[in-house]
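The residues making up each chain are set out below.
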Amino acid sequence: MDSFIVLSSILLILIIFFTFNNRRPRLHLPPGRFAWPVIGNLHQVEPVQHKGFGDLSMIYGPIVSVWFGSSLTVVVSSASLAKEVLKDKDHLFANRPRTVRTKASTKDGSDLIWSDYGRQYVKLKKVTVHELFSPNNILRSSSVREEEMTTMVELISRWCHHERRKFGKSLELRRYLKMASFNCMTRIVLGKRFIDDEGVANEEGLELDAIIRESAMLNSSIALMDCVPWLGGIGWMIGKKRFLRCQDRKTGFTRRMLAECEARAKEGDGASKEYFLGALVSLREAHDLSEDNILGLVWDMITASLDTAAVAVEWAMAHLMKSPSMLAEAQDELERVTGPDKAMTELDFPKLQYLRCVVKETLRLHPSTPLMLPHKAKVETKIGGYDVPKGASVAVNVWAIARDPAVWKDPHAFQPERFLSVDIDMTGRDFRFLPFGSGRRMCPGAQLGINLVMLMLGRLLHHFSWRVEEGQEIDMSEGTGLVCSMRSPLQAVPTPRRPTRLYN
């Protein structure tokens, strides 16, 4: 009886194996590890995926096949192949692969990020770029960013004078960066401020934060139902109730924001058009925007901008604190350009060349989305001479490209001065350096993100001296997840270095 069970099990495994392999297209696919039936390479995927895929590229070359269950993902890790995907054949890879969860959360791609390339995508991107990310709108919202950076500086100064004895010698910088970024985002997108000048979130702010955290947790893991289609029904049944409950909560919150905005518009409040949601309401009829379009766009802007700037600034501060000479050089430049008696503003940016180099070098080593969001092959095509089947996902490993020793000298070293002699673009035109992507699906908010990182970092450096608490070391390892954050929050000791009036 036992032998019969063993033989039956072996026979079943062989049937699944040959069925799985026979269903795969007989194509000249990119090289990669052996993929097992049903699970593919799922058991071999590293927690920090971009690093794991970068290691695979060192073994198999700059283009690799990775099977997530029965779904193929082609990972490219060189500038030349990135150009092929994002420029030469951009029209063939402009769609997005949508899982069961992304279909449910975006009403099957009614937003900008997860919609396929077509009329709707072009319409939504045009509205987004014109109403949020145009040069005039970015300039108009500079006062919001500067006000929130002033509040951030004041809160850190208050910690230095009153809270250091209570909470310890070092400050968790991430908390203050996230508060400033959160308020910037909600004011620009929703026209509301949820965290007050004391650093305390109101009821709506706490609800929004809880929704964002739960959504990120539900969407961050590799779900079985996303990778093994024939088990999708079972997987969806298991997690469906919790997922839909979170979706209902998210939709309810956004509809309340939308109702408030519509009420303000009916009352003739012209200020309602000065933030993104208000502008969408005013353009609803002219651009035929459905409620799903509006809610989807709002959540795209919230999720895309929430942590990215704060993460980049935390990495920059960690590198500078590990190199006191670079920290001093950045502060000396701020002293020369801004002066000792006034706060830095965005008007100072053109003269802050070394600070810009620090930001570039930070984004080179730590792009906020190191694998970019996945692209989807519209038809069967080729990349680097290899076949890519229709429907396959394509991931561009911008983290690995930016550390390619064939392109960068001392690629793993933090050297801002490398950008002083060569002006390398960071908005998608140079395929060695793609922190915001490139092509049709490039992040439309690149300039807004750069401005926020520059301003946040500049204010921290100009207003405070920074050091590591004696006996402590900075952990430079990366955390897991879609956004490339530090695994351990940066602990720092700030000391005010400007006149008192600049902190109030």
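All chains use their own residue numbering, which begins from 1 and follows the written sequence. Under the rules for a predicted model, residues below a pLDDT of 70 receive no local features and side-chain atom pairs below 80 are neither given nor counted, while totals for whole chains, interfaces and linings still include all residues. The basis for every side-chain value is the complete set of non-hydrogen atoms in the structure, without hydrogens or water.

- Going by the annotation in an unreviewed UniProt entry, the name recorded for the chain is Cytochrome P450, with Kalanchoe fedtschenkoi given as the source organism.
- UniProt positions are given in the numbering used here, feature names are shortened, and annotations may be inferred rather than shown by experiment. A UniProt comment under Cofactor (unreviewed entry) is attached to the chain, and it reads "heme".
- Quoted verbatim from the Subcellular location (unreviewed entry) heading of the UniProt record, the comment on the chain is "Membrane".

## Quick word on a nonpolar patch on the surface
Phase 1 of the analysis: For patches, a residue must show more than 30% relative accessible area and have no salt bridge; joins then use 9 Å for like charges and 5 Å for nonpolar side chains, namely Val, Leu, Ile, Met, Phe, Trp and Tyr. Shrake-Rupley sampling with a 1.4 Å probe provides the accessible areas, and residues are treated as covered by the protein chains on show and by no other component. In the sections that follow, a salt bridge refers to a side-chain nitrogen of Lys or Arg positioned within 4 Å of a carboxyl oxygen of Asp or Glu. Residues Phe34, Trp36 and Ile39 make up a contiguous nonpolar surface patch of about 300 Å² in total accessible area.
Phase 2 of the analysis: Every helix listed is a DSSP run of H or I at least four residues long, and every strand listed is a run of E at least two residues long, numbered separately from the N terminus. Position of Phe34 relative to the elements: it lies in the loop between helix 1 (2–23) and helix 2 (49–60).

## Let's talk about the pairing of strand 1 (residues 63–68)
Phase 1 of the analysis: For strand 1, the tally of buried residues reaches six of six residues, placing the bulk of the element in the interior.
Phase 2 of the analysis: With six bridges joining them, strand 1 and strand 2 (residues 71–76) adopt antiparallel strand pairing. Note that in strand 2 the partner of Ser65 across the bridge is Val74.
Phase 3 of the analysis: Criterion used throughout: strands pair if DSSP finds at least two bridges between them. Here strand 1 folds back onto strand 2 in antiparallel fashion, the turn holding two residues, of which Gly69 has a positive phi close to 65°. Note on classification: 1.4 Å probe, protein chains only; a residue is buried when its accessible area is under 20% of the maximum for its type, exposed when over 50%, partly exposed between these limits.

## Examining the packing of helix 14 (residues 308–322) against helix 19 (residues 446–463)
Phase 1 of the analysis: Angles run from 0 to 180 degrees between N-to-C directions of axes, and those axes are lines fitted to C-alpha atoms, restricted for helices to the stretch in contact. Between helix 14 and helix 19, the shortest axis-to-axis distance is 9 Å and the interhelical angle comes to 40°. In this view, helix 14 runs oblique relative to helix 19, as classed from their interaxial angle. The hand of the helix 14/helix 19 crossing is right-handed. Taken together, the residues of helix 19 that come into contact with helix 14 (itself represented by Ala309, Ala312, Val313, Ala316, Met317 and Leu320) are Leu452, Val453, Met456, Leu457, Leu460 and Leu461.
Phase 2 of the analysis: Note that Gly is not counted as nonpolar here; it falls among the polar residues with everything else outside the nonpolar set of Ala, Val, Leu, Ile, Met, Phe, Trp, Tyr, Cys and Pro and the charged set of Asp, Glu, Lys and Arg. Looking at the contact of helix 14 with helix 19 residue by residue, the classes come out as 12 nonpolar, no polar and no charged. An angle counts as roughly parallel when it lies under 35 degrees, as roughly antiparallel when it exceeds 145, as roughly perpendicular when it falls between 65 and 115, and as oblique in every other case. In this scheme the crossing of two helices becomes right-handed for a clockwise turn of the near helix relative to the far one and left-handed for an anticlockwise turn of less than a right angle. Two residues form a contact once any of their heavy atoms are found within 4.5 Å.

## Topic: the UniProt feature "binding site: heme" (unreviewed entry) in the chain
Phase 1 of the analysis: UniProt marks Cys443 with the feature "binding site: heme" (unreviewed entry), using the numbering shown here.
Phase 2 of the analysis: With respect to the helices and strands, the residue Cys443 is situated in the loop between helix 18 (418–421) and helix 19.
Phase 3 of the analysis: The class for Cys443 is partly exposed, based on a relative accessible area of 33%.

## Here we look at the UniProt feature "transmembrane region" (unreviewed entry) in the chain
Phase 1 of the analysis: The feature "transmembrane region" (unreviewed entry), as annotated in UniProt, sits at residues 59–82 in this numbering.
Phase 2 of the analysis: Structurally, residues 59–82 comprises 25% helix and 50% strand, and the distance from its first C-alpha atom to its last is 19 Å.

## With respect to the sheet that holds strand 7 (residues 393–396)
Phase 1 of the analysis: Judged by pairing direction, the sheet is mixed, and its four strands sit side by side in the order 1-2-7-4 without closing on themselves. Each edge of the sheet is formed by a strand with only one pairing partner; in this case those strands are strand 1 and strand 4 (375–376).
Phase 2 of the analysis: In this fold helix 2 packs onto strand 1 and strand 2, with an angle of close to 130° to the strand it touches most, strand 1.
Phase 3 of the analysis: Sheet strands touched by helix 3 (residues 79–88): strand 1, strand 2, strand 4 and strand 7. Its angle to strand 7, the strand with the most contacts, is close to 130°.

## What about the pattern of salt bridges?
Phase 1 of the analysis: Tallied over the full model, the rule gives 33 salt bridges.
Phase 2 of the analysis: Residues Lys83 and Asp88 are paired through a salt bridge, measuring 3.1 Å at the closest nitrogen-oxygen approach.
Phase 3 of the analysis: The structure contains a network of salt bridges with shared partners spanning Glu147, Glu148, Arg187, Arg193 and Asp197.

## Focus: unusual backbone geometry
Phase 1 of the analysis: Despite not being glycine, Lys107 shows a phi value in the positive range, around 50°.
Phase 2 of the analysis: Along the chain, the position of Lys107 falls in the loop between helix 4 (100–105) and helix 5 (119–131).
Phase 3 of the analysis: In this structure Lys107 comes out as partly exposed when scored by relative accessible area, which is 45%.
Phase 4 of the analysis: Non-glycine residue Met372 carries a positive phi angle of around 55°.
Phase 5 of the analysis: Tracing the backbone through its elements, the reader meets Met372 in the loop between helix 16 (353–365) and strand 4.
Phase 6 of the analysis: Take Met372: its relative accessible area is 10%, and that puts it in the buried class.

## Details of the packing of helix 16 against helix 19
Working note: a packed helix pair is described by the angle between its axes plus the distance between those axes.
Phase 1 of the analysis: Running from amino to carboxyl end, helix 16 crosses helix 19 at an angle of 115°, the nearest separation of the two axes being 10 Å. Helix-helix and strand crossings are classified by hand; for helix 16 and helix 19 the assignment is right-handed. Along the contact surface, helix 16 presents Leu355, Arg356, Val358 and Val359, while helix 19 presents Ile450, Val453, Met454, Leu457, Gly458 and Leu461.
Phase 2 of the analysis: Within the contact of helix 16 with helix 19, the residues separate by chemical class into eight nonpolar, one polar and one charged.

## Observations concerning the sheet that holds strand 8 (residues 464–467)
Phase 1 of the analysis: Taken together, three strands build an open sheet; the order of strands is 3-9-8 and the sheet is antiparallel. Strands with a single pairing partner mark the edges of an open sheet, and in this sheet they are strand 3 (171–172) and strand 8.
Phase 2 of the analysis: Summarising the sheet, strand 3 and strand 9 (residues 491–496) pair through two bridges and their orientation is antiparallel. Paired with Leu171 across the bridge in strand 9 is Ala492.

## Describing the packing of aromatic side chains
Phase 1 of the analysis: A pair of Phe, Tyr and Trp rings is counted when the ring centres sit within 6.5 Å of each other, with Trp represented by its six-membered ring. The angle between the planes then sorts it: under 30 degrees is stacked, over 60 is edge-to-face, the rest tilted. Taken as a whole and judged by the stated rule, the model has eight aromatic pairs.
Phase 2 of the analysis: Between the aromatic rings of Phe194 and Phe253, the centroid separation amounts to 6.3 Å while the plane-to-plane angle is 65°, which identifies the pairing as edge-to-face. Here the residue Phe194 occupies a position in the loop between helix 8 (173–190) and helix 9 (203–220), and Phe253 occupies one in helix 11 (residues 232–266), the gap between them amounting to 59 residues.
Phase 3 of the analysis: Seen in terms of ring centroids, Phe419 and Phe433 are 5.6 Å apart; in terms of plane orientation they differ by 35°. Their pairing is tilted. With Phe419 in helix 18 and Phe433 in the loop between helix 18 and helix 19, this pair connects stretches of sequence that are 14 residues apart.
Phase 4 of the analysis: For Phe419, a relative accessible area of 4% puts it in the buried group.

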